[in-house]
Amino acid sequence: MFRPFLLFGGLALGMLFTACSKRETRVEIGNREQILHLGNLSEPTDLDPHVVTSQQNFYIISSLFEGLTGHNPKDASPMPALAERWDISEDGTAYTFHLRPQAKWSNGDPVTAHDFVRTYRRILSPGVASEYSYLHFVVKNAEAYANGEVEEFSQVGYEAVDDHTLRFTLRAPTPYFLGMLNHHSWYPLHLPTIEKFGGTDRRGSDWTRVGNFVGNGPFKLKEWKVNQVITVEKSDTYWDKDAVRLQEINFYPIESADTEERAFRSGQLHVTSSIPTSKIDTYRAENPELLQIHPFFATYFLRFNVKVKPLDDPRVRRALNLTIDREGIIKTILRSGQIPAFNLTPPNIPGYTAKPAFTNDVELARQLLAEAGYPEGRGFPGLEYLFNTNDAHKQIAEALQQMWKRHLGIDITLVNQEAKVYQATMVAGDYQIARYAWVGDYLDPSSFLDMMTTTSGNNQTGWSNAEYDRLIMESGRERDPVRRAELFQQAETILLTELPIAPIYFYTRNNLRLPSVKGWQPNLLDIHPYKFLWLEE
């Protein structure tokens, strides 16, 4: 049971808690009325599945849309969703999905296979310029169409056989294809609505606003108060509405972990997106039932803009990598069982664990920096380190600043931006060094390594390597798991030799959750489908 006064102790707070107990909290009302209150870290950049890139945006979008497959609440594996079943050809290159005939959009229109095909044409269009269009390149001719090498969209491997039958023809067998389909870039969109509000071949139109929005998920958009809350309510047109027990979900963009924890403690949130690192030990000791620490399929790393001098020199990038005390960051700042990262892909992916290509080596780092023309940091131009608003990000930035000054004699200026501005800065490539994190979209190495290919909209470092691209392409076509793992290792070795990134640590998922939230099961992707959740008083 939650004991809020234990976190601070003393008679005064206990008396205050007693005095205020007559007034129902937001959580108590929510438990009774099936209204879930979630901390969601930051204000969403958009609600367009073809535009958004962050996990916080996905948490909202996944309530408003449904794809062909969904996430099993136990382990996040793919399960039937809008498609009730599917067939796979013997050679693994053709997938035929049979859609639920009762599926409808929130405006009452039927959801058809044609909606999917038209949606996929949009994500490949240059006007939308989706950072996730590359996920569709497993489909025959999708990449060629996106690059203008194929003009007729009918030659791309999407086919609406009839209103309720959708077929994909892949360029090669893709064993992780069903897992990919859980990603929001594969959701169907209601194209007539998008056309009504500015046309389909552009970003940033008003179709995602309250009153305009049309989705096909278990919830529909009710309210969007910028920097305050996004509210979704149960949809009465969803095909499986009788299975949905929650009546409403509120997503609060709270960037400060301390502010969010106070909201949780005062009965305003059921679940937080994070927890202040300074409070972890207290919750462990006094309220362990509220503290959630679980493995998480994600990597915290730095991006280097290799188009900016001196970061265009691999020796400089390696020197910066070699002087990062990852263990120290974990022990003094994070304190939640994270693992130091010396590669991009997290450990123990089924069939693959990367071999680290470097370790900490301050003396070698100094030698490399001197070879690059900056002995003891002399003459090294000042660089900026960009991070989005978050207490832990700030502490890590300050630690890195001190490490690089102490070991290399170089000066780094810290630049903090609010999440929306930060994301726009990254997309524009207007940064030098930036913190970043990647959460795997499905349990496969390609979910991480595809990101660093030349054509990936999520690369954003300016780095390109033809051999890396070739190896990733070949791995996508390889059916033998042993050979496929070898290809991934070769590719990741190239990445870790040239180091356009600096891996810092592999995540654990750390947050607070009230026992009244039922159906919430920890899994590596930290995805908890809302149709399977409910609240108890």
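One numbering rule holds for all chains: residues counted from 1, following each sequence as written. Side-chain atom pairs in this predicted model are given and counted only at pLDDT of 80 or more, local residue features only at pLDDT of at least 70, and totals for whole chains, interfaces and linings cover all residues. With hydrogens and water set aside, each side-chain value is computed from the structure's full complement of heavy atoms.

Centres within 6.5 Å are what make two rings of Phe, Tyr or Trp a pair, Trp counting through its six-membered ring; a difference in plane orientation under 30 degrees is then read as stacked, over 60 as edge-to-face, and the rest as tilted. Within this structure, the stated rule accounts for 34 aromatic pairs. Seen from their ring centres, Y385 and F387 are 6.4 Å apart, and the 45° between their planes marks the pair as tilted. Comparing Y385 with F387, the two get one shared label, buried. Put simply, the rings of W86, Y95, F97, F116, Y120, Y145, F153, Y158, F168, F177 and W186 touch in pairs and so form one group of aromatic residues. When the ring centre of W239 is taken as origin, the NZ or CZ atom of R100, which lies over that ring, is 3.9 Å away. It is R209 that lies over the ring of W224; its NZ or CZ is 4.6 Å from the centre. Relative accessible area decides the class of each residue, using a 1.4 Å probe on protein chains only: under 20% of the type maximum gives buried, over 50% gives exposed, and in between gives partly exposed. For a Lys NZ or an Arg CZ to count as sitting over a ring, it must be within 6 Å of the ring centre and within 35 degrees of the ring normal.

Attention now moves to the pattern of salt bridges. Just to be clear on terms, a salt bridge is a Lys or Arg side-chain nitrogen sitting within 4 Å of an Asp or Glu carboxyl oxygen. For the coordinates displayed, the defined rule picks out 26 salt bridges. Put simply, K309 and D312 hold a salt bridge, and the shortest N to O gap is 2.8 Å. Given the relative accessible area of 33%, D312 is considered partly exposed. In the salt-bridge network here, residues are joined through shared partners; they are E467, R470, E474, R483 and E486.

Strand pairs in the sheet, formed through backbone hydrogen bonds, run parallel or antiparallel to each other. Across the sheet, which stays open at both edges, the 4 strands sit in the order 1-10-9-8 with mixed pairing between neighbours. If you trace the sheet from one side to the other, it starts and ends with strand 1 (35-39) and strand 8 (219-225), each paired once. On average, each strand axis in the sheet is tilted by 20° relative to the strand beside it, whichever way the strands run. Sheet topology note: the strand 8/strand 9 (residues 229-234) ladder contains 6 bridges and is antiparallel. Residue pairing across strands places E223 opposite T231, the latter belonging to strand 9. Should any heavy atoms of two residues lie within 4.5 Å, those residues are counted as being in contact. For helices, the fitted line uses only the C-alpha atoms of the stretch in contact; every axis is such a line through C-alpha atoms, and the angle between N-to-C directions lies from 0 to 180 degrees. By the criteria applied, helices consist of DSSP H or I runs no shorter than four residues and strands consist of E runs no shorter than two, each listed in order from the N terminus. Sheet contacts for helix 3 (residues 55-64): strand 8, strand 9 and strand 10 (248-252); angle to strand 8, the most-contacted strand, approximately 135°. By this definition, two strands are paired if DSSP reports at least two bridges between them.

This paragraph deals with the packing of helix 12 (residues 362-371) against helix 13 (residues 391-408). Taken N-terminus to C-terminus, the directions of helix 12 and helix 13 make an angle of 75°; their axes are 10 Å apart at the nearest point. Taken together, the axes of helix 12 and helix 13 lie roughly perpendicular to each other. Between helix 12 and helix 13, the residues in contact are V362, A365, R366 and L369 and R406, H407 and L408, respectively. Ten residue types, Ala, Val, Leu, Ile, Met, Phe, Trp, Tyr, Cys and Pro, are classed as nonpolar, four, Asp, Glu, Lys and Arg, as charged, and the remainder, Gly among them, as polar. When its residues are assigned to classes, the contact of helix 12 with helix 13 shows 4 nonpolar, 1 polar and 2 charged. Orientation labels follow simple angle bins: below 35 degrees gives roughly parallel, above 145 gives roughly antiparallel, 65 to 115 gives roughly perpendicular, and whatever is left gives oblique.

Ranked by size, the top nonpolar core spans 101 residues in total, and within it L68, F97, Y158, F168 and W186 carry the most contacts. Per-element accounting of this core gives the leading share, 6 residues, to helix 17 (residues 481-498). If near-sequence neighbours (up to four positions away) are discounted, F168 is found in contact with L68, T93, A94, Y95, F97, Y120, V139, G157, Y158, F177 and W186. Judged by nonpolar contacts, the second largest core, of 43 residues, contains A298, F387, L400 and I412. Each nonpolar core is a collection of buried residues, namely Ala, Val, Leu, Ile, Met, Phe, Trp, Tyr and Cys, held together in the definition by side-chain atoms within 4.5 Å.

Our next topic: the packing of helix 10 (residues 314-322) against helix 12. Where helix 10 contacts helix 12, the two axes come as close as 8 Å, and the packing angle between them is 155°. In terms of their interaxial angle, helix 10 and helix 12 are classed as roughly antiparallel. The hand of the helix 10/helix 12 crossing is left-handed. Judged by residue contacts, R315, V316, R318, A319 and L322 of helix 10 engage V362, L364, A365, L368, L369 and E371 from helix 12. By definition, turning the near helix anticlockwise from the far helix through less than a right angle yields a left-handed crossing, and turning it clockwise yields a right-handed one.

Here the focus is helix 17. Along its 18 residues, helix 17 runs 26 Å from first to last C-alpha, staying within 8% of the 26 Å computed at 1.5 Å per residue. R484, A485, L487, F488, Q489, A491, E492, I494, L495 and L496 are the residues of helix 17 that are buried. On its buried side, helix 17 packs onto helix 10, helix 15 (446-449), helix 16 (466-477) and strand 16 (501-512). In this scheme, a helix's expected span is set at 1.5 Å multiplied by one less than its residue total.

Turning to helix 8 (residues 257-265), a few remarks are in order. Within helix 8, burial applies to A257, E260, E261, A263, F264 and R265. If you follow the buried residues of helix 8, they end up packed against strand 1, helix 9 (280-286), helix 13 and strand 16. A positive backbone phi angle near 85° is found at G267, which sits one or two residues after helix 8.

It is worth spelling out the environment of D450 at this point. If you trace the backbone, D450 turns up in the loop between helix 15 and helix 16. Counting along the chain gives 315 residues from D450 to L135, while the straight-line C-alpha distance between them is 8.4 Å.

Close reading of the predicted structure is inappropriate where its pLDDT is low. pLDDT is a per-residue confidence score from the predictor, ranging from 0 to 100. Mean pLDDT over the chain: 94, with 96% of residues reaching 70 or higher. Every residue in residues 1-20 scores below 50 in pLDDT, and together they form 26 contacts with partners more than four places removed in sequence or on other chains.

A few words on the sheet that holds strand 6 (residues 158-162). Read from one edge of the open sheet, 4 strands run 4-5-7-6, paired in antiparallel fashion. Edge positions in the sheet fall to strand 4 (83-88) and strand 6, since each has one partner strand and no second. Direction aside, the axes of adjacent strands within the sheet are offset by 20° on average. The pairing of strand 5 (residues 94-99) with strand 7 (residues 165-169) spans 5 bridges and is classified as antiparallel. Within the sheet, the bridge partner assigned to Y95 lies in strand 7 and is F168. Packing of helix 4 (residues 113-123) onto the sheet brings it into contact with strand 5, strand 6 and strand 7, and relative to strand 6 it is tilted by some 165°.

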